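Descriptive analysis of the structure
Listed below, chain by chain, are the residues.
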Amino acid sequence: MNLTPALGQALRAARRVVAVTGAGMSAESGVPTFRDAQTGLWEQYVAEDLATPEAWERDRAFVWAWYLWRFGRVRHVAPNDGHRALAEWARHPAGPEISVVTQNVDDLHERAGSDPVVHLHGSLAGYRCEACDEPYTEPIELPEQEVARIDPPRCAACGASVRPGVVWFGEMLPMDEWVRGVELIEAADLVLVVGTSGIVHPAAGLPALARAAGAVVVEVNPGTTEVSDVAHHVIRSTAALALPALVAAATP
Ligand code: OAD
């Protein structure tokens, strides 16, 4: 992969790196994105039927089954070379501090060894009570096949339904995670924007925030996005191909 001298220099000089990641980061692990033609989840499913508080109110069992099915799929896949490259870079003796700020609800960054991982849109692995917010930690059986409806369990504390621990359209981001993400971006000298269409706010504002705060911004994405114009460097390749090359250039 041909990286410009300026990008090589920025990679080697970086001391605080943040990877802002979206669904494309996990695509090569076999987790579908949301908006890619043919394969994106929102090409096959209607977001309003599944990822909104109204959908949950309408049919909890339908929404619950869909999230369990997605989590089941994630259990069966592994981090790809892109996830692994970020974690390996952080372990390099002369490497920078590397944080991940992700919109993804999978746990592939953690399983690759990255730390910290800030989840702006929650996590498939975390469930909580819809009414009292009590975390639900009982084991949950994940379906092997897509199942139309599964009744969610009840909260032991108040009896209300347990819900997926993800952010739906129209909901606020978890405030602690958002504040942490912004702090990390503002302190970064290099920000890698990987596999996000840059459509969903407020996460989509992070690349511009990074640039305004003085970081070098690098986009890794095979396609042009809403945030491409913000990047100082653009790499039109996939996460699993580009990130190992970037890390190799950073740690000669
Ligand atoms: P999208 O599906 O909107 O965008 C995926 C991006 O990944 C696109 O820009 C693709 O070009 C790119 N891409 C595809 N394959 C790639 C690969 N192998 N390597 C690198 N990039 C690749 O996903 P997000 O931007 O993450 O929110 O979507 C943002 C939010 O919208 C999600 O967190 C979710 C969704 O609705 C909620 O559910 C609240």
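Summary of the structure given here. (Residues numbered from 1 in each chain as written. Predicted model: local features only at pLDDT ≥ 70, side-chain atom pairs only at ≥ 80, totals over all residues. Heavy atoms only, no water.)

Here we have three strands laid out as an open sheet, ordered 5-4-6, and antiparallel in their pairing. Of all the strands in the sheet, the pair left with one neighbour each is strand 5 (135-136) and strand 6 (162-166). Pairing between strand 4 (residues 122-129) and strand 5: two bridges, direction antiparallel. Bridged to Arg-128 within strand 5 is Pro-135. (Pairing = 2+ DSSP bridges. Helix = DSSP H or I, 4+ residues; strand = E, 2+ residues; numbered from the N terminus.)

We now examine the packing of helix 7 (residues 81-91) against helix 11 (residues 239-250). As a packed pair, helix 7 and helix 11 sit with axes 7 Å apart at the nearest point and diverge in direction by 20°. Looking at the two axes, helix 7 sits roughly parallel to helix 11. Regarding helix 7 and helix 11, the two cross each other, and that crossing is left-handed. Taking contact as the criterion, the partners of Asp-81, Gly-82, Ala-85, Leu-86 and Trp-89 in helix 7 are, on helix 11, Ala-239, Ala-240, Leu-243, Pro-244, Val-247 and Ala-250. Classifying every residue of the contact of helix 7 with helix 11 by side-chain character gives nine nonpolar, one polar and one charged. (Axes fitted to C-alpha atoms, helices over the stretch in contact; angles between N-to-C directions. Parallel < 35°, antiparallel > 145°, perpendicular 65-115°, else oblique. Left-handed = near helix turned anticlockwise from the far one by under 90°. Contact = heavy atoms within 4.5 Å. Nonpolar A, V, L, I, M, F, W, Y, C, P; charged D, E, K, R; others polar.)

Right, let's talk about the pairing of strand 2 (residues 97-102) for a bit. Counting buried residues along strand 2, five of its six residues qualify, which places the element largely inside the surrounding structure. Pairing of strand 1 (residues 16-21) with strand 2, which is carried by six bridges, proceeds in the parallel orientation. Looking at the pairing, Thr-21 lines up with Thr-102 of strand 2. Sheet analysis places strand 2 next to strand 3 (residues 117-119), joined by three bridges and oriented parallel. By the bridge assignment, Val-101 is partnered in strand 3 with Val-118. (Buried < 20%, exposed > 50% of the residue type's maximum accessible area, 1.4 Å probe, protein only.)

A word on helix 1 (residues 5-13). Regarding helix 1, the residues found buried are Leu-7, Gly-8, Ala-10 and Leu-11. The buried residues of helix 1 occupy an angular sector of 165° when the element is viewed end-on, so they sit on one face. Where helix 1 is buried, its residues touch helix 7, strand 7 (190-194), strand 8 (216-220), strand 9 (233-235) and helix 11. (Arc of directions from axis to C-beta.)

Moving on, we come to the nonpolar core. Among the nonpolar cores identified, the biggest contains 26 residues, and Trp-42, Tyr-45, Trp-66, Tyr-67, Leu-124, Tyr-127 and Trp-168 are the most heavily contacted of them. Those elements giving two or more residues to this core turn out to be helix 3 (41-44), helix 4 (47-50), helix 5 (53-58), helix 6 (60-75), strand 4 and strand 6. Ranked by residues supplied to this core, first place goes to helix 6 with eight residues. Tyr-45 has contacts with Leu-50, Trp-66, Trp-69 and Glu-146, leaving out every residue within four places of it along the chain. Val-17, Ala-85, Leu-86 and Trp-89 belong to the second largest nonpolar core, which has 25 residues in total. (Core = buried A, V, L, I, M, F, W, Y, C linked by side-chain atoms within 4.5 Å.)

With that out of the way, let us pick up the side chain of Thr-196. Relative to the helices and strands, Thr-196 resides in the loop between strand 7 and helix 10 (206-212). Look past the residues within four positions of Thr-196 in its chain and what remains in contact with it is Gly-22, Gln-103, Asn-221 and Thr-225.

Taken together, 23 residues are adjacent to the ligand, and Arg-35, His-121, Thr-196, Ser-197 and Asn-221 come closest. Trp-42 places a polar side-chain atom, nitrogen or oxygen, 2.9 Å from an oxygen atom of the ligand. A distance of 3.4 Å separates an oxygen atom of the ligand from a polar backbone atom of Gln-103. With the chains in place, 92% of the 790 Å² that the ligand exposes on its own is no longer accessible. By residue class, the composition of the shell around the ligand is nine nonpolar, 11 polar and three charged. (Near = heavy atom within 4 Å. Polar contact = N/O pair within 3.5 Å; in protein donor to acceptor, adjacent residues only side chain to side chain. Areas by Shrake-Rupley, 256 points an atom, 1.4 Å probe, with all protein chains shown as cover.)

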